[in-house]
Amino acid sequence: MPTHRRAVLVTLVTAVLALGVPGLAAPAQAASSDVYVSPVGDDHADGTARHPVRTLQRARDLVRARAANLTSDLTVRLASGTYRQSGPLVLDARDSGTHGHRVIWQGTGATVISGGRQVEGWNPVPGRKGLWSAPAPQGLTDTRQLYVDGVRAQRARGAVPVALTQTATGYTASSDTIAHWKRPSDAEFVYTSGEPLWNIERNGLGAWTEPRCRVAAAEDTTLTMVQPCWDNTNKRVEFPDIPGRSVSMVGPGRLTNGGKASYVENAYELLDQPGEWYLDKSARKVYYLPRKGENLARADIEAAAAEKLVDGRGTADAPVHDIAFRGLQFSYATWLTPSGPEGFSEIQAGYTITGDRGWATQGLCQYVEGGTCPFASWTKMPGNLSFAYGQRIEFTDDVFAHLGAAGLDLGTGSKDSSVSGSVFTDISGNGLAIGGVDGKTPASGVQVTNNHLYGLPREYHGTVAIVNGYTQNNTIAHNQIDHVGYSAISLGWGGWPDKIGDAATSNPSHDNAVRNNLIFDYMQMLDDGGGIYTQGLTGTSLADGEKVTGNVIRDQWGLGKSVYTDNGCTYETVEGNVLYHASYANVASRHTDYRDDLGNNDPTLVKGNWWEEGTADGDNKGLVTTGNKIMTSLSDVPQDVVRNAGLEPSYRGLLSRRVGALSAPEAPSRVGTSTAGPDALYVTFNPTFADGGSPVTSYTTRAYDSTGRQVAQQAITAAEFKRTALVKISQLPTSGGPFTVSVTASNAYGASAPSLASAPLTPTAVSVLPGATTGPKLRTASTAATLAWTPPTATGDAKVVGYRVTVSDGRDPVDVTGRDVLVTQSSAKGMFRVIGGLKPGTSYTVTVAAVTAAGTGPAASVTATTKA
């Protein structure tokens, strides 16, 4: 922030002793050995209350001189204000407390540990209306993030302006447009995936991925991509006898859709929307198009510069231990590896393939000559704060926001540590990472409780709120996770070998618990994930395997499961959860246990859940389903179960904690269209999950003809779109097509920038009705039943946009809508809906018919009797 504002924020050091930590008492009177720090202190001072030091590094050195002889907690008291870091605060065993006495880094709630550089001196750019520029701040050589008053700006992006034909080293372009850009080697191609749906492009390495690779050079029409990113993304070794099956067994061996990029990012020529920015590294100049209402002369504009803020460097022999961080905000750090030759060659959950010939050997262990072990030991996304071999490390009442990698990484050897009462938001990648998958000492005894994680990931959209690798005795409980782009919680690893009939990779995990969390509005951008996702062996028996209990998980957007038991997931118990409004399944999937030749399934217990899926009780070769209850609404669930999920009462103030300025929301994504008649289009898209601190209230779709002229628009409330996943734009011209559509999101603070446009489509007349739905089943309870079916194999000349359900008791027909209606058709996955208000011991006939723009197709029927 400007210098004249910075001084105003600095308060008297002696006034910051009270903690604002929910559920914790205020600290005792300051000890004489405490160290005092102020942004206007002096590192030549002695660190007393009257003479505070200025930097974290100097405070650490004073602690180091005292820590060996602690007889009580030692507190580093950080006054309000911003502490700018050019590099991390490095901590090792010398900076530790003693067992029973901690070193506490205590902030005020208004204490910010920043890796940012302020960008000042803004002036209009001649000849470019609305565009401003400023000199890059001293010390800033590169960045991937810019923030204006705590609101993330968008790196300049847009559609790839040329047609691309993939080659061994990159592309041949249809024209030399990119070669004439100011700095073509800054440009980064982004490959967004997701499930197939209508005309939405699917360009990544699996529905859960969004890899990125930068252009190395553009000469005439030849685009050469950086290495090793390009080969690691396109040459992944495949089994010679299993065509198309990569040896990694995670996604395809190369980019889908002919290597087409979803969009291009980071070029001066793409600056065309308010809120976009670009750093010209050669000219050392930052360009920005201000949003409505922004005044660059008064705004605090921060470029993320440091890649790490805190680095706890313990070792197995000398762990860093007994350190607490309280009342601090960690912000404005970046991660530059994706901008370099490695790019972001994604596997899953932020893990990537790296290194020369990584595509041929990394993590492939026994399956290729020279493969590195253990299987699936790919490169983990780093944390902007990280600890290795940290014991009894505590984070309480902290904020992790405006960060460019993973927020916090409690990595190899982490033990008996905790994260509680904290906020994780506006983070480019994973929010919180625990443990690893590389065969080193597992994390153990980590407690993650009563945190709010939301509005992430902002850049690497296949990452998750909490990722937990191979760990032991960890607990993830009473957290609220909402508005996230992919899975909320991911646990385990290494189960993929079951795809070729091999046992899951052995690992040390056991006794992990995920309980009493509230998860909603998840998988808002990508697919094939879950509210709680688990991969691989979780223990040695059901007794010490993973326990998923008491969670409330609702309102999933992408195709997946509420609780996802993926490849090799063995010995998991899923009990007492409330699971509804899923897209595809509440608990799944079944996998064969290949640890022997008996043909059993991976042992799993699914017990006593309230759900909509309605699967009958049974023992399917070790997959036991018992005592689950069909729910028609939350009123069917004991209220103490519902109330106990999410933040405990003394922590619910986290939900009103504001991070950054209130602003217009981020743009929606993945816009697709389908014909709705000769002059109309249906539109669907992925909703905004970064809402600017104010709920999204509406969306507006706008159609453009082939000249770029707007020809129609249609608004819809956010609530209605959540229900239907569909907007109909009517009265389009009968000429001038094909048409593209973009979407904006609005809240109380304005409208977002437009989304990237849909693929062009010309509407056509439709007349052929869809075929009948297939495989209808009625799974009954006493007063409710779950109707399950699969989409029709033939849909006529239009896409399915709904289903009509009738019940033989004479009630009005029910129109079924939602995102799952649209996406299950493309993927041939099943659908289900709950029918309530039934009478015990009564026979019912239910019909279900597909609906398209052409009308309602023939119905399929099923008859069953409710339980007495």
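Residues numbered from 1 in each chain as written. Predicted model: local features only at pLDDT ≥ 70, side-chain atom pairs only at ≥ 80, totals over all residues. Heavy atoms only, no water.

**Observations concerning the sheet that holds strand β55 (residues 669-675)**
Thought 1: Reading across from one edge, β55-β56-β59 is the order of the three strands in this open sheet, with antiparallel pairing throughout. In the strand order of this sheet, the two ends are held by β55 and β59 (727-729), each with one partner. For this sheet, the mean inter-axis angle between neighbouring strands, taken without regard to orientation, is 30°. (Pairing = 2+ DSSP bridges. Helix = DSSP H or I, 4+ residues; strand = E, 2+ residues; numbered from the N terminus. Axes fitted to C-alpha atoms, helices over the stretch in contact; angles between N-to-C directions.)

**A short note on the side chain of Arg212**
Thought 1: For Arg212, the position within the fold is in strand β16 (residues 212-219).
Thought 2: By relative accessible area, Arg212 is classed as buried at 2%.
Thought 3: Of the polar contacts made by the side chain of Arg212, one reaches the backbone oxygen of Glu459; its length is 3.4 Å. (Buried < 20%, exposed > 50% of the residue type's maximum accessible area, 1.4 Å probe, protein only. Polar contact = N/O pair within 3.5 Å; in protein donor to acceptor, adjacent residues only side chain to side chain.)

**A few points about the state of the cysteines**
Thought 1: Going through the model one piece at a time under the given rule, you end up with two disulfides.
Thought 2: Residue pairing for Cys213: its cysteine sulfur links by disulfide to Cys229, the two sulfurs lying 1.9 Å apart. Where Cys213 bonds to Cys229 through sulfur, the torsion about that S-S bond is close to -85°, and the disulfide is left-handed. Here Cys213, found in strand β16, pairs with Cys229, found in helix α3 (residues 229-234); they are 16 residues apart in sequence, far enough to count as distant. The same class applies to Cys213 as to Cys229, namely buried.
Thought 3: Here Cys365 engages in a disulfide with Cys373; their sulfurs sit 2.2 Å apart. Note on the Cys365 and Cys373 pair: the S-S dihedral is about 100°, so by sign convention the disulfide is right-handed.
Thought 4: Looking at the chain, its bonded cysteines, counted consecutively from the start of the sequence, adopt the pairing 1-2, 3-4. (Disulfide = S-S within 2.5 Å.)

**Quick notes on the pairing of strand β63 (residues 785-790)**
Thought 1: In terms of burial, β63 is largely enclosed, as five of its six residues are buried.
Thought 2: Sheet topology note: the strand β62 (residues 774-780)/β63 ladder contains five bridges and is antiparallel. Residue pairing for β63: Thr774 is matched across the bridge by Thr790.
Thought 3: A loop of four residues connects β62 with β63, the two strands running antiparallel in sequence.
Thought 4: One ladder, built from five bridges, connects β63 with strand β66 (residues 831-835); its direction is antiparallel. Bridged to Ala785 within β66 is Ile835.

What is shown is where atoms sit, not what they do.
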